[in-house]
Every structure is written in C-alpha cells, then in structure tokens.
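Here are the chains, one letter per residue:
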Amino acid sequence: MVEKKKSGYWLTHAGLIIGVLFIFFPVWLTFVASTVNQEEIINPPLPLWPGTEIFENYYHALFKGGREGYGSNEPVINMLINSSIMALGITIGKIAISLLSAFAIVYFRFPFRKTCFWLIFMTLMLPVEVRIVPTYEVVANLNLLNSYTGLIFPLIASATATFLFRQFFMTIPDEMVEAARMDGCSPMRFFKDILIPISKTNIAALFVILFIYGWNQYLWPLLMTTDPDMKTIVIALDAMIPAGDDFAHWPTVMATAMLAMLPPIAVVIGMQKFFVKGLLESDK
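Computed from a prediction, not measured in an experiment: that's the story for all the values here. Within each chain, residue numbers correspond to sequence positions counted from 1 in written order. For a predicted model such as this one, the threshold for reporting local features is a pLDDT of at least 70, and the threshold for listing and counting side-chain atom pairs is 80 or more; totals across whole chains, interfaces and linings nevertheless cover every residue. Values shown for side chains rest on all heavy atoms present in the structure; no hydrogens or waters enter the calculation.

1. Some remarks on the confidence of the model for the protein
Part 1 of the reasoning: The predictor reports its confidence for every residue as pLDDT, a score running from 0 up to 100. Chain-level pLDDT for the protein is 82 on average; 90% of the residues reach the 70-or-more range.
Part 2 of the reasoning: We count a stretch as a helix when DSSP gives it H or I for four or more residues in a row; a strand needs E for two or more, and each element gets its number in order from the N terminus. The weakest mean pLDDT in the protein belongs to helix 15 (residues 272-281) at 67; the strongest belongs to helix 4 (residues 76-107) at 91.

2. Here we look at the packing of helix 3 (residues 54-64) against helix 14 (residues 250-270)
Part 1 of the reasoning: To obtain an axis, a line is fitted to C-alpha atoms, over the contacting stretch when the element is a helix, and the angle between two such axes runs from 0 to 180 degrees between their N-to-C directions. Orientation of helix 3 relative to helix 14, taken along the N-to-C sense of each, is 70°, at an axis distance of 9 Å. Our classification of the angle between helix 3 and helix 14 gives roughly perpendicular. In this structure, helix 3 contributes Asn57, Tyr58, Ala61 and Leu62 to the contact, and helix 14 contributes Pro251, Thr252, Ala255, Thr256, Met258 and Leu259. What sets the label is the angle itself: under 35 degrees gives roughly parallel, over 145 gives roughly antiparallel, 65 to 115 gives roughly perpendicular, and the rest give oblique. We call two residues in contact when some of their heavy atoms are within 4.5 Å.

3. Some words on the pattern of salt bridges
Part 1 of the reasoning: Within this document, salt bridges are pairs made up of a side-chain nitrogen of Lys or Arg and a carboxyl oxygen of Asp or Glu, the two lying within 4 Å of each other. If you walk through the whole model with that rule in mind, you get three salt bridges.
Part 2 of the reasoning: Taking the shortest distance from any N to any O, the salt bridge between Asp193 and Arg189 comes out at 3.2 Å. Here Asp193 pairs with Arg189, and both are found in helix 10 (residues 187-198), just four residues apart, close to one helical turn.
Part 3 of the reasoning: Relative accessible area decides the class of each residue, using a 1.4 Å probe on protein chains only: under 20% of the type maximum gives buried, over 50% gives exposed, and in between gives partly exposed. With relative accessibility at 38%, the residue Asp193 sits in the partly exposed group.
Part 4 of the reasoning: Taken together, the shared-partner salt bridges connect Arg189, Lys192 and Asp193 into one network.

4. Here's the deal with the nonpolar core
Part 1 of the reasoning: Here, nonpolar core means buried Ala, Val, Leu, Ile, Met, Phe, Trp, Tyr and Cys residues that are tied together by side-chain atoms lying within 4.5 Å of each other. Membership of the largest hydrophobic core comes to 40 residues, with the highest contact counts inside it found for Phe165 and Phe169.
Part 2 of the reasoning: Elements with a contribution of two residues or more to this core: helix 3, helix 4, helix 8 (159-169), helix 9 (174-182), helix 10, helix 11 (200-215), helix 13 (233-240) and helix 14.
Part 3 of the reasoning: Here the element with the most residues in this core is helix 4; it accounts for nine residues.
Part 4 of the reasoning: Ranked by size, the runner-up nonpolar core spans 12 residues in total, among them Ile90, Val128, Ile152 and Met224.

Here it is as structure tokens:
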C-alpha cells in the first residue's frame, strides 16, 4: 500500500514537471532569441543558451523601440507605462464598482432589486466586441480618444465581479449586520469597516484576474489610440510583426515580448497566496 502511494506520488510529480517544461520551453526560446543577434535568429538552428546581446537588445527595446533599417517603433517603456495605467485603472474601477453594486443589491431593499441584478448579470452575454461600435461612438463624441479615460472607463463595469461579491456578501450572517446596526453603524461605515476587510482575499483574487484582463486588451486600445504615445504594449507587439515584404529585428521583438510578460507575472507571483485563498473562499 505504501509502495503504491509512493509510486503515485512520483508519477504525479513527474507529470507536473513534464507539463511545466512544455509550458516553459517556448518562453525560454523567446528569452534566448532576445539575447542573440539578427543573424543567429534568421539562420537556424536557434541557440538554446542565451547570447551576448542581451543588454543591447533590451536597451533598444526599452528606450529606442527599434533598429535602423527595420522600421521605427516607439520606445517600449512608454507602452509599458500605458498598459500599466490602463490595467490598474480597469482593475481598480471594476473592483470598486462591483463592491458597491453587490453591497446595494444584498443590503438595500428597493423596487426591482432582483431585476437590476439579473440585468447586470445578462451583460455577460454582451462582450466588448458586440458593443464596440456604440461604445466607440460615445467615447468619440465625448472627445476621449487617445486618453487614459477613454481607455479605462468603458471597460470598468464587471458583471462577474458583481456576482462573486454578491454571493460572498450573502454568506455573511444576519447577526453581524444586526449587531452593527445596534451599535449605530451607518451603512457606508459597515461597508468600509466590515465588508471590505473580510473581502480582502476575494479582492486579491479578482485583482489578479482583472489585471491580466486589462493588460491583454487588444481590440479596444487598437480602436481608441491613434497617437503613438498612447499605444499599449500589446499593440506595440502587433506593430512589430512584419507584414508582406517588411522586415523585423527579431531580437528586439522577442525582448519586447519578454518585457510584456513581466508585469502580469510579477502580479501573479506577488499575490499568489491571496489569489489561491480568495479562490478557495469564493464558493462560500
């Protein structure tokens, strides 16, 4: 019996290691390609170990954006800043609006309360791609093109986050609400001092998911931004890929791809404990 458990233990870990290697290998090749010169990439086979051009390639990607003779691109550091502002704005906005919406739906009695919730929930069937034209027209009429406001505000409503917070708030005992009311706690103080602290793990889990959602946005920033200074990192990567007979400096492209992965990875690693705990507690 013990031997069977040990064999299963090692087989499970061997499978996990093989899966990690399959996932990690393309990332490793991208990193290697970002450290060599153009000739080593276009003349196969690609080396499996980092080259000597790492500092030069990343410097050009961050602060110059391209190489002479391969087209001109904006410095990637500007794109990283734009993407970070957009992702953080979308994440914070979605969490704030969802918390307030769930709080109102659960703890306030008003006409058509359930109808309002289901109308919010039904917006899950209307992704950005479906409502892209009217949303763009509204933003354009408000003169919000090429602005952080235009990038962030149309995407900050979240039916999923509202649903998750509503389900969590409904698990809070009524005795806690009654005790707070008897102590003279106002609704907003109850929200600020009680609901938000006990929701921090759920907030952390949603923060990770929503940050990655905002960081990976492509279609909306593509339509919203015509000014090169407002482009996001995803748009920058797409612009670096050659079309037709154009050429690309592939080490710079690969360095940009690696830089684009760093902020989401940092968020996931930094909030991993809260992320896992929030997911485990979200089914209460």
